[in-house]
Amino acid sequence: MSDGEKATAIEKALHLLMAFAPQNEALGTSELSEKLGYHRATTSRILLTLAEHGFLRQDAENKKFSLGPSIQTLGLALTTSLMNNFVDIAKPHVNALRTQLEEDVGLELWSGNGTTWLYSAETRQPLRIGSRQGRTLPFYAAAGAKAILAFAPAYQLDALLQQERSAFTSNTLLDETEFREQLCQFRAAGYAVDNEELRPGISALGAPIFNQEGTAFAAVVMVMPTQRLDSRPDSPQVTALKATAAAISEHFM
């Protein structure tokens, strides 16, 4: 087989694999052959080769193909790499948001029963918050944690609310019903607010970052003195924050 023929065979194999995106619907040889315009014999040969190496699996009864374990292995490798490099990937977006709005901006990553503050981009304003890097933040008070939890499955929230919670300020919301209602509002809005719930005089906005499964696993957070907070849905702060979170999420989709 010549180099040109090899390249053609590889391209056809890649096109066949991509034909299963985005829902991994089971497809037969004839369907794929017709869909891609390949000769049936060629399609069959490539499908069987891909199945032999685990990139596809064939149903024993209907003989249709779907994506196999080797694809999952590659996907997990990519996800692991992205997560290991999460801060490096998100940092330019966070820094740009800090420069755009001149407020402290950081990253919260879900960890256990709350979030961990991974990175801070600090403003040069005379009145600023300072780094929270390395701090563990509570799920019921931190803006990023609430932004993530607003999109979490019900069983996760149910389990968290079994824990004992204590107030950090007079604004910390401890009532379970009110907290659930607040999360519903945050989910609908696409961002969360910490209204002096961790520290008096300090407020924050958080927007979730999603992975390819649609799971919120981290958040971009903007922290500032309360007098500079503008939590309206159409405010420049909220608009830019949500756009930044969406841009970071794109790397993980």
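Note: the structure precedes this text.
What you see is a predicted model; the values in this text were computed from it and never measured.

Note on strand geometry: in a regular strand, side chains alternate between the two faces of the sheet. For strand β8 (residues 216-225), the buried fraction is high: ten of the ten residues fall into the buried class. By the bridge criterion, six bridges tie strand β3 (residues 104-111) to β8 in an arrangement that is antiparallel. Residue pairing for β8: D104 is matched across the bridge by V223. Note: strand β7 (residues 202-210) against β8, nine bridges, orientation antiparallel. Paired with P208 across the bridge in β8 is A219. Hairpin connection of β7 to β8: five residues between the antiparallel strands, including G214 at a positive phi of 80°.

To continue, consider the packing of helix α2 (residues 29-36) against helix α3 (residues 40-52). Contact geometry for α2 and α3: axes closest at 9 Å, N-to-C directions at 120°. Crossing handedness for the pair α2 and α3: right-handed. Counting all contacts with α2, which are made through T29, S30, L32 and S33, the residues of α3 involved are R40, T43, S44 and L47.

This part takes up the nonpolar core. Among the nonpolar cores identified, the biggest contains 55 residues, and F86, L107, F179, I209, V220 and I248 are the most heavily contacted of them. The element that contributes the greatest number of residues to this core is β8, accounting for nine residues. Beyond its immediate sequence surroundings of up to four residues, V220 is in contact with L97, V105, G106, L107, L205, G206, A207, I209, L241, T244, A245 and I248. Membership of the second largest hydrophobic core comes to 13 residues, among which are L17, F20, L27 and Y38.

Cut-offs applied
- Residues numbered from 1 in each chain as written.
- Predicted model: local features only at pLDDT ≥ 70, side-chain atom pairs only at ≥ 80, totals over all residues.
- Heavy atoms only, no water.
- Buried < 20%, exposed > 50% of the residue type's maximum accessible area, 1.4 Å probe, protein only.
- Helix = DSSP H or I, 4+ residues; strand = E, 2+ residues; numbered from the N terminus.
- Pairing = 2+ DSSP bridges.
- Axes fitted to C-alpha atoms, helices over the stretch in contact; angles between N-to-C directions.
- Left-handed = near helix turned anticlockwise from the far one by under 90°.
- Contact = heavy atoms within 4.5 Å.
- Core = buried A, V, L, I, M, F, W, Y, C linked by side-chain atoms within 4.5 Å.

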